[in-house]
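One-letter residues, chain by chain:
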Amino acid sequence: MAIKSAKTGWRDMVLICRKCSKKLDGGFGPDGDKSLKKALRKYLKAGKGRKAALAVKETDCFDVCPKNAVVAVNAANPKALLIVPAGADLFEVKARLGLDDDRRLKPSLKVVGEP
């Protein structure tokens, strides 16, 4: 059988430890009732499937096993595992994972006297 490939629309892929998520049982989102996977998908407006711009997938254990936190990694930067404590700000998680959701942080300021 020949090796085939399938195309995706993914710009980034975030891998989240399934075991950590299961142990924590929520802890993210505005009400603290969502898993990190669901909270990130909703916050970043990421769809599901191959047509989405961002893939957020749960994977097997990374063997870090922090208490009251979840391990996540951007697949584009596998050297940096991020330990995300329960209730962490999703904006900071997005920034630390190096994700870009095409939202501007603040309007750019002009300095008076500069071109």
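Before reading on, note that the structure itself is shown above.
Below, the structure is looked at part by part. All residue numbers refer to positions counted from 1 along the written sequence of the respective chain. Local features are withheld for residues below a pLDDT of 70 in this predicted model, meaning they are given only at 70 or higher, and side-chain atom pairs are given and counted only at 80 or more; totals for whole chains, interfaces and linings count all residues. Side-chain measures were taken over the full set of non-hydrogen atoms in the model, leaving aside hydrogen atoms and water.

1. Looking at helix H3 (residues 90–97)
And then number 1: Relative accessibility thresholds used throughout: buried, under 20% of the residue-type maximum; exposed, over 50%; partly exposed, between the two (1.4 Å probe, protein chains only). Numbering of helices and strands starts at the N terminus; helices are DSSP runs of H or I of at least 4 residues and strands are runs of E of at least 2. Those residues of H3 not exposed but buried are Leu 90, Val 93, Lys 94 and Leu 97. For H3, the angular spread of buried residues about the axis comes to 100°, placing them on one side.
And then number 2: Gly 98 lies just past H3 and shows a positive phi near 75°. The arc refers to the directions leading from the helix axis to the C-beta atoms.

2. Looking at the nonpolar core
And then number 1: Put simply, buried Ala, Val, Leu, Ile, Met, Phe, Trp, Tyr and Cys residues joined by side-chain atoms within 4.5 Å make one nonpolar core. Of all hydrophobic cores here, the largest spans 22 residues; its most connected members are Ile 16, Leu 36, Leu 40 and Leu 97.
And then number 2: Of all the elements in the fold, those that place two or more residues in this core are strand E1 (12–17), helix H1 (18–24), helix H2 (36–43), strand E2 (54–59), strand E3 (69–74), strand E4 (82–85) and H3.
And then number 3: Contacts are assigned to residue pairs that have any heavy atoms within 4.5 Å of one another. What Leu 40 contacts, discounting residues up to four positions off in sequence, is Val 14, Ile 16, Leu 90, Val 93 and Leu 97.

3. Overview of the packing of H2 against H3
And then number 1: Convention adopted: a line fitted to C-alpha atoms gives each axis, helices being fitted over their contacting stretch, and angles between N-to-C directions are expressed from 0 to 180 degrees. Running from amino to carboxyl end, H2 crosses H3 at an angle of 90°, the nearest separation of the two axes being 11 Å. When the interaxial angle is binned, H2 and H3 end up roughly perpendicular. Contact residues: Leu 36, Ala 39, Leu 40 and Tyr 43 in H2; Leu 90, Phe 91, Val 93, Lys 94 and Leu 97 in H3.
And then number 2: Residues belonging to the contact of H2 with H3 are distributed by class as follows: 8 nonpolar, no polar and 1 charged. Angle categories: roughly parallel below 35 degrees, roughly antiparallel above 145, roughly perpendicular from 65 to 115, and oblique for all the rest. Residues are grouped as follows: Ala, Val, Leu, Ile, Met, Phe, Trp, Tyr, Cys and Pro are nonpolar; Asp, Glu, Lys and Arg are charged; every other residue, Gly included, is polar.

Distances and angles like these do not, on their own, reveal function.
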